[in-house]
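Residue-level listing of the chains:
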Amino acid sequence: VQLQASGGGLVQAGGSLRLSCAASGRTFSSYGMGWFRQAPGKEHELVAAINWSGSSTYYADSVKGRFTISRDNGRNTVTLQMNSLKPEDTAVYYCAADRIFRSTEYDYWGQGTQVTVSS
């Protein structure tokens, strides 16, 4: 599975961004997907995950109620809608795929996309 993330940018606090991850390969629907982020000097963090069918999702406490993960298996895409953004959401965001929902070690990673939230 090859992953291509897009949609990052600069936004003011309180604003919204929508990240997309396009996957190649016919087995996309077999994989759970996750969005991670890594801020300078910090560990990478799983912020949201979704299982293969979209019936189960996970959110880190820091983004719960503000971020929404969704997927379209027909289009091989997973999306992270980010609302009410805060400066502390600033990070490089990565999408990842694994056959296990909320895996401890995702097998496939996309390149990062920078999200910067100004105060």
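For clarity, every value in this text was computed on a predicted model and none was experimentally measured.

Visitor: Run through the packing of aromatic side chains, naming residues and quoting values.
Guide: For any pair of aromatic rings, geometry is given as the distance between the ring centres together with the angle between the planes. Here the structure, examined in full by the defined rule, presents 5 aromatic pairs. Centre to centre, the rings of Phe36 and Tyr106 are 5.2 Å apart; their planes meet at 85 degrees, and the pair counts as edge-to-face. Note that Phe36 is positioned in strand 4 (residues 32-38) and Tyr106 in the loop between strand 9 (91-98) and strand 10 (108-109), a separation of 70 residues in sequence. Both residues of the pair, Phe36 and Tyr106, belong to the buried class. Here the aromatic rings of Phe36 and Trp109 are separated by 4.7 Å at their centres, their planes lie at 50 degrees, and the arrangement is tilted. Placement of Phe36 in strand 4 and of Trp109 in strand 10 is noted, with a sequence separation of 73 residues between them. Its relative accessible area of 6% is what places Phe36 among the buried residues.

Visitor: Run through the pairing of strand 1 (residues 3-6), naming residues and quoting values.
Guide: The side-chain alternation of strand 1 yields one buried face, formed by Leu3 and Ala5, and one unburied face, formed by Gln4 and Ser6. Where strand 1 and strand 3 (residues 17-23) come together, 4 bridges link them in antiparallel fashion. For Ser6, the partnering residue across the bridge sits in strand 3 and is Ser20.

Visitor: Let's hear about unusual backbone geometry: which residues, and what values?
Guide: The phi angle at Ser84 is positive, at roughly 50 degrees, despite the residue not being glycine. Mapped onto the secondary structure, Ser84 falls in the loop between strand 8 (77-82) and strand 9. The partly exposed category is assigned to Ser84, whose relative accessible area is 42%. Positive phi values are uncommon outside glycine, yet Arg102 reaches one of about 55 degrees. When you line up the elements, Arg102 lands in the loop between strand 9 and strand 10. Exposure remark for Arg102: the relative accessible area of 44% places this residue in the partly exposed category.

Visitor: Mind laying out the sheet that holds strand 1, listing which residues take part and the relevant values?
Guide: Strands belonging to one sheet form pairs held by backbone hydrogen bonds; the direction of such a pair is parallel or antiparallel. Ordered in space as 1-3-8-7, the 4 strands form an open sheet in which the pairing is antiparallel. Only two strands of the sheet have a single partner each, and these edge strands are strand 1 and strand 7 (67-72). Taking the axes of each pair of neighbouring strands and ignoring which way they run, one obtains an average angle of 15 degrees across the sheet. Direction of pairing for strand 7 relative to strand 8: antiparallel, over a ladder of 6 bridges. Within the sheet, the bridge partner assigned to Arg71 lies in strand 8 and is Val78.

Procedures and definitions
- Residues numbered from 1 in each chain as written.
- Predicted model: local features only at pLDDT ≥ 70, side-chain atom pairs only at ≥ 80, totals over all residues.
- Heavy atoms only, no water.
- Phe/Tyr/Trp six-rings, centres within 6.5 Å; stacked < 30°, edge-to-face > 60°.
- Helix = DSSP H or I, 4+ residues; strand = E, 2+ residues; numbered from the N terminus.
- Buried < 20%, exposed > 50% of the residue type's maximum accessible area, 1.4 Å probe, protein only.
- Pairing = 2+ DSSP bridges.
- Axes fitted to C-alpha atoms, helices over the stretch in contact; angles between N-to-C directions.

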